[in-house]
Amino acid sequence: DSVSDQASERGLANLSQALRARTAVEPGNAVGLTPGQDPLVFYPFIYWPISQSQADISEAGAAALQSYLDHGGMILLDTRDGIYQPGQIAASAQIERLRSLLKDISVSPLVAAPETHVVFKSFYLLNLFPQISHSGDIWIEDRALDEEVSSIILTGHDWARIWAATNGATPYDEQEMATRFGVNIVMYALTGNYKADQIHMSAILERLGK
């Protein structure tokens, strides 16, 4: 979908700039990918906006995506409809399209990410900022509630559009929080659950003292 592709490219370029300015990450340019044709192994993070007009995934594409997910890759699926309700994923046209696109790909059941999840503290402590309500917005694989890292993150927030906004087109609070969320997602993709270990810090220090 050329329209969403262009928005994604602009948004990811702005997010990359923020990563360079705020973190130790030095991302390259955003790259458009066609699963089954382009190698996915070089990309630890893929942003995938869902569009009604995008083509179905080929058999080779489904196999490539399955291998990517099974070997540590992460995909942020963005239905861009923003109509999720707390505790449930609405049966929107975009969700139905997503189900169709992923019909040949095995994905663990998804659950709403609790505000204590590492994705909200991998770099910024997003649960300290009430400008964005996470309830019902961010969905992860149920296995990622414990020690594992979620290969799939589902949202309807249209992140690339917000990342791409310039010249005050989006309220500053919304723009800043979207940038912080993007930074957190990339850090989560690159470093996994390392921030979750901080909850054990007191026990670690006690053992070190002994």
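Not measured: the values here are computed from a predicted model.

Asks: Can you help me understand the overall build of the protein in this one?
Replies: Counting secondary structure elements, the protein contains six helices and five strands. When the helices and strands of the protein are placed in sequence order, the string is α-β-α-β-α-β-β-β-α-α-α. Look at the contacts in the protein between residues 6 or more apart in sequence, and 74% of them connect residues 24 or more apart. When the accessible area of the protein is evaluated, it comes to approximately 11100 Å², of which 53% is carbon and sulfur surface.

Asks: What is the right way to look at the side chain of S4 in this model?
Replies: Relative to the helices and strands, S4 is located in helix 1 (residues 2-22). Every residue in contact with S4, bar those within four places of it in the chain, is listed here: P49 and R80.

Asks: Explanation requested: the pattern of salt bridges in the structure shown.
Replies: Side chains that differ in sign of charge can pair as their charged atoms come close. Overall, the coordinates contain seven salt bridges when judged by the stated rule. Note that D56 is salt-bridged to R97, the shortest N-O span being 2.9 Å. Remark: R97 occurs in helix 3 (residues 93-101) and D56 occurs in the loop between strand 1 (45-49) and helix 2 (59-70); sequence separation between them is 41 residues. The class of D56 is exposed, set by a relative accessible area of 52%.

Asks: How do you make sense of the nonpolar core when you look at a structure like this?
Replies: Nonpolar side chains tend toward joint burial in soluble globular proteins. Counting 31 residues, the largest nonpolar core has Y47, I153, W159 and W163 as its most contacted members. Elements supplying a minimum of two residues to this core: helix 1, strand 1, strand 2 (74-78), helix 4 (159-164) and helix 5 (172-191). When sequence neighbours within four positions are dropped, the list of residues in contact with W163 reads G11, L12, N14, L15, Y47, L76, Q175, A178, T179 and G182. If you look at the next biggest cluster of nonpolar residues, it comprises 19 residues, including I50, Y68, W139 and I152.

Asks: I keep staring at the pairing of strand 1 and nothing clicks. Help me out?
Replies: Note on strand geometry: in a regular strand, side chains alternate between the two faces of the sheet. Burial within strand 1 is extensive, with five of its five residues counted as buried. Side chains F45, Y47 and P49 of strand 1 all project onto a buried face; the interleaved residues I46 and W48 project onto the opposite face, where all are buried too. Here strand 1 runs beside strand 2; their pairing, made up of five bridges, is parallel. Across the sheet, P49 pairs through a bridge with D78, a residue of strand 2. Each parallel crossover has a hand, and for strand 1 linked through helix 2 to strand 2 it is right-handed.

Asks: Would you mind going over helix 1 with me for this structure?
Replies: Structural remark: α-helix, 3.6 residues per turn; residues separated by three or four positions point the same way. Between its first and last C-alpha atoms helix 1 spans 30 Å; for 21 residues at 1.5 Å apiece the expected length is 30 Å, and the two agree. Among all positions in helix 1, only S4, A7, S8, G11, L12, L15, S16, A18 and L19 are buried. Its buried side turned inward, helix 1 meets strand 1, helix 4 and helix 5. Backbone nitrogen of V3 and a side-chain oxygen of the N-cap are separated by 3.0 Å at the start of helix 1; the cap is D1.

Asks: Any chance you could explain the packing of helix 1 against helix 5 here in plain terms?
Replies: Helix packing for two helices is described by the angle between their axes and how far apart those axes are. With their axes 10 Å apart at the nearest point, helix 1 and helix 5 run at an angle of 75° to one another. When the axis of helix 1 is compared with that of helix 5, the two are roughly perpendicular. Across the interface between the two elements, L15, A18, L19 and R22 of helix 1 pack against E176, T179, R180, G182, V183 and V186 of helix 5. When the residues that make up the contact of helix 1 with helix 5 are grouped by side-chain class, the tally is five nonpolar, two polar and three charged.

Asks: Teacher, can you tell me more about the confidence of the model for the protein here?
Replies: Keep in mind that low pLDDT regions are not for reading the predicted coordinates in detail. Summary statistics for the protein give a mean pLDDT of 86 and a share of 84% for residues scoring 70 or more. When mean pLDDT is compared element by element in the protein, helix 2 scores highest at 97, while helix 6 (residues 201-209) scores lowest at 59.

So, how was this worked out
Residues numbered from 1 in each chain as written. Predicted model: local features only at pLDDT ≥ 70, side-chain atom pairs only at ≥ 80, totals over all residues. Heavy atoms only, no water. Helix = DSSP H or I, 4+ residues; strand = E, 2+ residues; numbered from the N terminus. Contact = heavy atoms within 4.5 Å. Areas by Shrake-Rupley, 256 points an atom, 1.4 Å probe, with all protein chains shown as cover. Salt bridge = Lys/Arg side-chain N within 4 Å of Asp/Glu carboxyl O. Buried < 20%, exposed > 50% of the residue type's maximum accessible area, 1.4 Å probe, protein only. Core = buried A, V, L, I, M, F, W, Y, C linked by side-chain atoms within 4.5 Å. Pairing = 2+ DSSP bridges. Right-handed = clockwise from strand over helix to strand, strands pointing away. Expected span 1.5 Å × (residues − 1). Polar contact = N/O pair within 3.5 Å; in protein donor to acceptor, adjacent residues only side chain to side chain. Axes fitted to C-alpha atoms, helices over the stretch in contact; angles between N-to-C directions. Parallel < 35°, antiparallel > 145°, perpendicular 65-115°, else oblique. Nonpolar A, V, L, I, M, F, W, Y, C, P; charged D, E, K, R; others polar. pLDDT = per-residue confidence, 0-100.

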